[in-house]
Amino acid sequence: MTRLSEQARSAQVLLIEDNHGDAVLTRRAFRRARMPSEITVAETGEAGLSILRREGPYADAPRPDLILLDLNLPHMHGHDFLSKVKDDPAFKRIPVIVLSSSAAEGDIASAYDRYANGYITKPVTTDTYDDIVAKIEDYWFALMQLPPESEPKQFA
């Protein structure tokens, strides 16, 4: 296991966000961040799952190192997307941070009940987006050691 900052590659981030303005602000904040990253945006949970599964036009999609998830999505709610990701052995190790406009205790509790790795209420200003992305980068890309893709070997 290594930190992303120690690898000679860009961090891969999957942003599940239906609000174009929020997606633009998030992408801009990642461009300003210290570590190189590539952001893939999915406007629905279904598209996010297709990207993860590398289905159809997403056959060459990179495996994300981190998923940023909005909750209030069309068709499939973010909680449902989160449940599907965390229930799937192929994806459950990918950290998922909920980035939502909702600060409702029920949404926060429900996200953690579905094994979200973090919950952040969306910022109001561009500077705050930059600050949040810098903290995500410091924590998830420079400090945390991420697990390998494959399932761990079972001990006898």
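Residues numbered from 1 in each chain as written. Predicted model: local features only at pLDDT ≥ 70, side-chain atom pairs only at ≥ 80, totals over all residues. Heavy atoms only, no water.

J.: Describe the nonpolar core, naming the residues involved and giving the relevant values.
T.: Buried together is how nonpolar side chains tend to be arranged in soluble globular proteins. In this structure, L14, I16, L52, I67, L69, F81 and V85 are the most contacted members of the largest nonpolar core, which totals 23 residues. Of all the secondary structure elements, the ones that give two or more residues to this core are β1 (11–16), α2 (45–53), β3 (66–69), α3 (78–87) and β4 (96–100). In terms of residue count, the dominant contributor to this core is α2 (4 residues). Once residues within four sequence positions are removed from consideration, F81 is found in contact with I16, G45, G48, L49, L52, I67, L69 and M76. (Core = buried A, V, L, I, M, F, W, Y, C linked by side-chain atoms within 4.5 Å. Buried < 20%, exposed > 50% of the residue type's maximum accessible area, 1.4 Å probe, protein only. Helix = DSSP H or I, 4+ residues; strand = E, 2+ residues; numbered from the N terminus. Contact = heavy atoms within 4.5 Å.)

J.: I'd like a rundown of the pattern of salt bridges, residues and numbers included.
T.: Applying the stated criterion across every chain, the model contains 7 salt bridges. For E17, the salt bridge goes to K122, with nearest N and O atoms at 2.8 Å. Of the two residues, E17 sits in the loop between β1 and α1 (20–32) while K122 sits in the loop between β5 (118–121) and α5 (126–143), which places them 105 residues apart along the sequence. The same class applies to E17 and to K122, which are both buried. With its nearest N and O atoms 2.0 Å apart, the salt bridge here joins D138 to R34. Residue D138 is found in helix α5, and its partner R34 is found in the loop between α1 and β2 (37–42); the two are separated by 104 residues along the sequence. Judged by its relative accessible area of 63%, R34 is exposed. (Salt bridge = Lys/Arg side-chain N within 4 Å of Asp/Glu carboxyl O.)

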